[in-house]
Structures are given as structure tokens and as C-alpha cells.
Amino acid sequence: MAGRINDDDVKAVRDAVPIDAVVSEYLQLRNAGGGNLKGLCPFHDEKSPSFQVSPSKGLFHCFGCQEGGDTIAFVMKIDHLSFSETVERLAAKAGITLRYEEGGYNPGHQRGERIRLVEAHQAAARYYIEQLGSPEAEIGRKFLAERGFDQAAAEHFGVGYSPAGWDHLTRFLRGKGFSDKELILSGLSQDGRRGPIDRFRGRLMWPIRDVGGEVVGFGARKLRDDDNGPKYLNTPETPIYKKSQVLYGIDLAKKDIAKVSRAVVVEGYTDVMACHLAGVTTAIATCGTAFGGDHIKILRRLLMDNGSARVIFTFDGDSAGQKAALRAFEDDQKFAAETYIAIAPDGMDPCELRLAKGDQAVAELVEPRTPLFEFALRQIVKRYDLETPAGRAAALDEAAPIVARIKNVASQHEVAVQLAGMLGILDTQFVVKRVAQIARWSRDRGGRGPAPAPGQNRQTAAPVQAPAGPALNLRSPAHRTERELLKLALQRPELVSPAFDAYGIDEFTAPPYAAVRQCIQDAGGATGAPPDYLDAVREAAPNDTVRALVTELAVETIFAKTVDEAYAGDQLVTVRLRAVDRRIRDVQGALARLGGNGDPERVAAVQNELWVLTQYGQSLRNNGAAAL
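Computed from a predicted model, the values in this text were never measured in an experiment. Residue positions are counted from 1 within each chain, in the order its sequence is given. Local features in this predicted model are restricted to residues whose pLDDT is 70 or higher, and side-chain atom pairs enter the listing and the counts only when it is 80 or higher, whereas totals over whole chains, interfaces and linings include all residues. To obtain the side-chain values, all non-hydrogen atoms of the structure were included, while hydrogens and water were left out.

**A few points about the sheet that holds strand 2 (residues 30-33)**
In a beta sheet, neighbouring strands pair by backbone hydrogen bonds and run either parallel or antiparallel. Going by this rule: Pairing between strands is defined by DSSP: at least two bridges between them are needed. Numbering of helices and strands runs from the N terminus, with a helix taken as a DSSP run of H or I at least four residues long and a strand as a DSSP run of E at least two residues long. Fitting a line to C-alpha atoms yields each axis, with helices limited to the stretch in contact; the angle taken between N-to-C directions then spans 0 to 180 degrees.
If you walk across this open sheet you meet the five strands as 2-3-4-5-6, and the pairing is antiparallel. The open sheet has two free edges, formed respectively by strand 2 and strand 6 (68-70), since each of these has just one partner strand. The average angle at which neighbouring strand axes cross in this sheet is 25°, direction not considered. Relative to strand 6, strand 5 (residues 59-62) runs antiparallel, the two being bridged by three bridges. When the sheet's bridge partners are listed, His61 is paired in strand 6 with Gly68.

**Focus: the environment of Asp532**
The criterion, for reference: Here's how the labels work: a residue is buried when its accessible area is under 20% of the maximum for its type, exposed when over 50%, partly exposed in between, all with a 1.4 Å probe on protein chains only.
With respect to the helices, strands and loops of the structure, Asp532 is situated in the loop between helix 23 (511-522) and helix 24 (533-539). Overall, the relative accessible area of 35% leaves Asp532 in the partly exposed class. Each C-alpha atom, one on Asp532 and one on Lys57, is 9.6 Å from the other, the two residues being 475 residues apart in sequence.

**Here's the deal with the confidence of the model for the protein chain**
Keep this limit in mind: As a per-residue measure, pLDDT tells how confident the predictor is, with possible values from 0 to 100.
Of all residues in the protein chain, 88% have pLDDT values of 70 or greater, and the mean over the chain is 85. Here helix 5 (residues 107-110) stands out as the least confident element of the protein chain, with mean pLDDT 42; strand 8 (residues 160-162) is the most confident, with 98.

**Digging into the layout of surface pockets**
What counts is decided by this rule: Using a grid of 1 Å spacing that covers the protein atoms alone, one calls a set of points a cavity when a 1.4 Å probe fits there but cannot get out, and a pocket when the set is open and has protein on both sides within 12 Å along at least five of seven lines; lining residues are those with an atom within 4 Å of a point. Grid points are joined across faces, edges and corners, and a volume is the space filled by probe spheres set on the points.
Taken as a whole, the largest pocket spans an internal volume of roughly 740 Å³. Around the largest pocket, the lining comprises 27 residues; the ones closest to its centre are Ile78, Asp79, His80, Lys242 and Gln245. Breaking the lining of the largest pocket down by element, the ones donating at least two residues are helix 3 (71-79), helix 6 (113-131) and helix 13 (293-303). In terms of residues, the lining of the largest pocket owes the most to one element, helix 13, which gives four residues.

**A short note on the state of the cysteines**
Note the following rule: Any two cysteine sulfur atoms within 2.5 Å of one another count as a disulfide.
The tally for this structure, following the rule as stated, stands at zero disulfides. Summary of cysteine pairing: Cys41 is not part of a disulfide, and the nearest cysteine sulfur, belonging to Cys62, is at 3.6 Å.

**What to know about helix 1 (residues 7-16)**
What counts is decided by this rule: The directions from the helix axis to the C-beta atoms are what the arc is built from. We call two residues in contact when some of their heavy atoms are within 4.5 Å. Under this definition, polar contacts are N or O atom pairs within 3.5 Å; protein pairs additionally need one hydrogen-donor-capable and one acceptor-capable atom, and for neighbouring residues in sequence, both atoms have to be side-chain atoms.
Turning to helix 1, its buried residues are Asp9, Val10 and Val13. One side of helix 1 carries all its buried residues, which in axial view fall inside an arc of 105°. What points out from helix 1, more than 90 degrees from its buried face, is the exposed set Asp8 and Asp15. Buried residues in helix 1 make contact with strand 1 (4-5), helix 3 and helix 4 (83-94). Taking the backbone nitrogen of Asp8 as reference, a side-chain oxygen 2.8 Å away marks Asn6 as the first, capping residue of helix 1.

**What to know about the sheet that holds strand 15 (residues 283-285)**
Pairing in this open sheet of five strands is mixed, and the strands run 15-14-16-17-18 from one edge to the other. At either end of the open sheet lies a strand with only one pairing partner, and these are strand 15 and strand 18 (370-371). Bridging between strand 14 (residues 262-266) and strand 15 involves three bridges; their strand directions are parallel. Across the sheet, the residue bridging to Val266 is Ala285, located in strand 15. Across the sheet, helix 13 lies against strand 14, strand 15 and strand 16 (310-313), angled at about 155° from strand 14, the strand it touches most.

**Considering the environment of Lys382**
With respect to the helices and strands, the residue Lys382 is situated in the loop between helix 17 (372-381) and helix 18 (389-404). Note: C-alpha distance between Lys382 and Leu423 (41 residues apart in sequence) is 9.8 Å.

**A look at helix 4**
Where we set the bar: Each residue after the first adds 1.5 Å to the expected span of a helix.
With twelve residues, helix 4 should cover 16 Å at 1.5 Å per step; its first-to-last C-alpha distance of 17 Å lies within 8% of that length. Regarding helix 4, the residues found buried are Glu85, Thr86, Val87, Glu88, Arg89, Leu90 and Ala91. Positive phi appears at Gly95, one or two residues downstream of helix 4, with a value of about 75°.

**Structural notes on empty space enclosed by the protein**
Tallied over the full model, the rule gives one cavity of 30 Å³ or more. Quantified by volume, the largest cavity comes out at close to 30 Å³. Lining the largest cavity are ten residues, and of these Thr314, Phe315, Ala342, Met348 and Leu365 sit closest to its centre.

**Regarding the nonpolar core**
To keep things clear, this is the line we draw: Definition of nonpolar core: a set of buried residues of the types Ala, Val, Leu, Ile, Met, Phe, Trp, Tyr and Cys, connected through side-chain atoms within 4.5 Å.
Membership of the largest hydrophobic core comes to 49 residues, with the highest contact counts inside it found for Val23, Phe51, Val53, Phe74, Ile250, Ile257 and Leu299. Of all the elements, helix 13 adds the most residues to this core, at five residues. Beyond its immediate sequence surroundings of up to four residues, Ile257 is in contact with Ile250, Arg262, Ala263, Thr282, Leu299, Leu302 and Leu303.

**Looking at the pattern of salt bridges**
Stated formally: For this document, the term salt bridge refers to a Lys or Arg side-chain nitrogen within 4 Å of an Asp or Glu carboxyl oxygen.
For the coordinates displayed, the defined rule picks out 32 salt bridges. Across the salt bridge formed by Glu119 and Arg116, the nearest N and O atoms sit 3.9 Å from each other. Here the residue Glu119 and the residue Arg116 both occupy positions in helix 6, the gap between them amounting to three residues, near one helical turn. Note on Glu119: relative accessible area 23%, which makes it partly exposed. As a salt-bridge pair, Glu484 and Lys487 come within 2.5 Å of each other at their nearest N and O atoms.

Quick look at the structure:
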């Protein structure tokens, strides 16, 4: 049984690793004001950024899907790790040695599964790199040299070589303390007749890293004629490697992709190398699978979907490359970025182009590009006989929905005119109106395309799910002010103390806000808030829903140009004044119910309370925070 990580060490890890540095490894963050950062949420699809990070508080919160928490919670969620695995990974990053309770620590048995598999891959990557210098690997070095890659290029991309024997790597990793079960699970070894053997043998090896830079798999290139395997052999699906969720080169390209809002998608490992060495440092490639929805999610988080974002596909000019481009176009609308295709005039891929014409030719390849929708239209139009009315009509029926999907209305109109020209239809307005009609149908049906043709089954649209978390009426002025006061109490407790701690739970009319007020009280109040104040408030939450709301309020921007004592005083007074007014109405109702025949002492007591409340309310209106 794994020992429990010492609580002080967990806190040290949480404090040592800045949340913005960790989150920035997965998505692009921009200034959101008030010291916060924002980006596209990695936990759900969205078109505008609702994911916020507060570096000063070490918290994140998505206002779209309600996910939130600290650095540890973020890594647990995004990489599907356990709590201990996450702390171990972050501790390694920060250079912190963890202490374990309940009987000591045995690294071989107690480290989490994912971390063990990643460590096995990192050890394998170092082993393969060393083997590239061996006499046996001469064939691999020759392969690289023939494609214009020297030793420095191989080192930059971590290219290595897997020896041709049956179990060289397996024996090496066993010596590092990895079990046969771990080696099989990692995909580095496979079952043989006499035990585990190496999966990759006698091949050139490219390490495949995730967006965080960790090696999670390998791509292996066949070098010898007697190798009966496929030309490229990739790591199989494992707990840490899903080919639809990785992009080769993303670890090297992510910063420049975010910086210039451009990504170049190529087809292979050597194409990525050629592009980067030629100065196209935003190049990435899929790993043995078509470019799809999960790849788009990775890029969108880096591109931030701003108006100038560009994604350029450089598929080969052959029929397979054209099919790949059309498959990519099917997912085009998942991008907010503009998508293009760039094909070298002679059909060469970037690696061949660099070898034949040099770095400049590769750099120029992505400049004269064609919009992906235009390429798709031309591929459709080519399949029909445009000399006949029936052929032109059939081509229009297939092509018009593609034009209708173009986001920009002005561009949509312009391309519709171009389509009329491609088809040879003289009545341009007929094509324009047809496209506009399809686009209108699509909008009316929630972006799900034209209505089904007669006879087709209609599926009822799934109801839109409300975001998880407590329901609040943010149009209510009372709720808005209570929210602001709680944000101040969590983010700037010194501005509302000590008055805030005298506020009753019942002064917050929204039950979720009353629950947060209770958490602050249970954590010791806002007065003299210690450094771990927010952690204490979150720990005091009775459940995950309330804890998520605490995180949300601790991250959300305070809606004031100047957050000072005057603004805090206004919120304190407004919340208190509304509570006083509510109490006055209750007392007036009680007085009315007593009537003229009520007990005189009871009537006098109620009248006195009403007078006191009225005077207090008037003082609040006249003197503001000074009356608290």
C-alpha cells in the first residue's frame, strides 16, 4: 500500500509550481484584467474564452463548465492522474523530495501508473539516442543524412535507434527497475514465446511528446528490406498514448503557434523536422491517423481563436493527400481560425522540397495558400460533368452546403459568386440565394445544417444542458451585490474586514452565497486572513459544488475599475441595507398582524424594533460604511 504524502510537502509543491506556468503548457493565456489570465477551456468546447486563471491565488475556474481548483486539481483533471501521481509529477518539476507516511517509500511500487509509464518512455528515449551512435545504427544515420539531417538535427528532435536484437531495450529497462507488466502496458515491449521482447527493433525512432513535453510514445521507421513490418510503426494505444490526441512536434511548436497565431500541419516526422529547420517552427504532424476533432482541440487552445489565426495544411499533392485534405475540411467548422491548404507545385512534401530546393523553398511553401473550402469545392466540382444541366445541378447540390458553412457572411457571398463561375451557371444570384437559404436553415436549426429532406428521419435536438453548479439569478441586483461582496471577502479580505465577519448567514439571500459565507466563517473569518486563507475556505466547503463556487468567486474579476475601500464599503452597505429593509418589512407585517387588540407589551417591543431598524437604515443611507 502506498504511503501517504506528507501534508507539508503537498503544500510546498502547491506553492512552488505557479499555476499559470502549468496551465500555459496546455493552452495560450492572455490578460483578463485584475491580475487574472484567460484562455479557451481545455475541459469543454467553447468559441470564446471563459477559462480564467488567478496566478496570485493559485486557482483556475471555467465560467462555462464550472471546472475549477488549484494547480493539483488542474493537472489531475487534464492528464487523468490520481492525487498522488499529480503531486509526484509536480514535485519532480520543482525539485522537491517528498516524504511519505505510513511505512516509508518504495519508488518501484508506490509511484503512480502514469508516471511510471512516462518514466519508462523517457528512459527508452535516452537509450535510443545513445544507440544512434553505435556501429549498427549506421544505416539510420545514413537515412537521416540522405534527407538533409545532421547530428545536431537528430539531437534537437531526439531521434534515436532501436537495436535489431530481440530484447535489448527490455533488458535495459528491467535493469532500471521496471517490471515486465509495466513494459508490456507501456507498449515498449510485447509478449514473446519466452517472455517480453522489444516492440521496436532495427528502426529509426522518433519520440512523441504530449503538449506538456513528456514522452508518451514513439514513431519507428523501417530501415531494412528484411523487416516485414509496416514502413512506420507507432506505439499502440496505451494508458498514456492515444494517437488521436497527440501531435508530433507540438512540444517544440506550441510557443510559436501561440505567438504568431499560426499552425502548419504536415504529414510526417521528417516533414516536421524539415519545416522547423527551415524556419517554419509552427509545424506539427499527426501520428499514424487522420487529423481530427481531438487534434483541433489542442490547436484551438494554443491559437485562442482570434481573428488572425491561421491553420495551414501541407498535404502531399497525390490522391491520398487530397483525401486527407478533404477529411480535414469535414472538421473545418470546429476551428474559429481560417484554414488553408498549401501544396508544392511539383507535389513534393516539405522534406523532399528542402532537400531539392533548400530552406527558403520550404518557408515559401506555406505562403501561396488556398482556402481549404475552395480546395474542397474544386475537388467536388471535378467529379461532375459540367457540360450538362443535370451535372451542374448535382454539383451545386453538393457544393452549396460547403459555401453556406463559411463563417464570414461577406466571404460567403463572394465564394458563392466564385462557385457560380466554377459551375458555369450564368445566373449568379440564383447560386447566391441558394447558399443563403441553406445557411439560414442551418442557423435556424442551431448550426446543424439544412433540414432533412422529405422521408429522412428527424432527430429532436438535444436540450442544452445548463452548466453544472448552483443556479443563481445574476439579473437580481441583490444577487449581484452579494456576489461582489463575497469576491471581495475572498480576494481582498483586508478591504471588508472586520465588518464582513459581523454579517449573518441570512444576510445573503441566495442559498449558494449563504453557503460560501458559512465557509468563510468556518475557516476563521476574513479578518487577519493568513496566507493559506483561500485553502482553508475551500477545505471548509461541505461538498464539491460549494467548493467549486468558492473557487469561481476567488478567480472571477471584481467589477470595478478601482478596487479600494470605498468600493468595498459600497458593497458592504448595499448588502446590509437590503437585509435591514427586508427585516423592516417583516416587522411591519408582524405589527399589522398584532392589530389594535394585541398585547401592549408585545406591540411596544415590535414598534421599538421597527423604530431602531428605520433609524439604522436611514443612517446607512446617509453615512455609508461609517454607519456599519
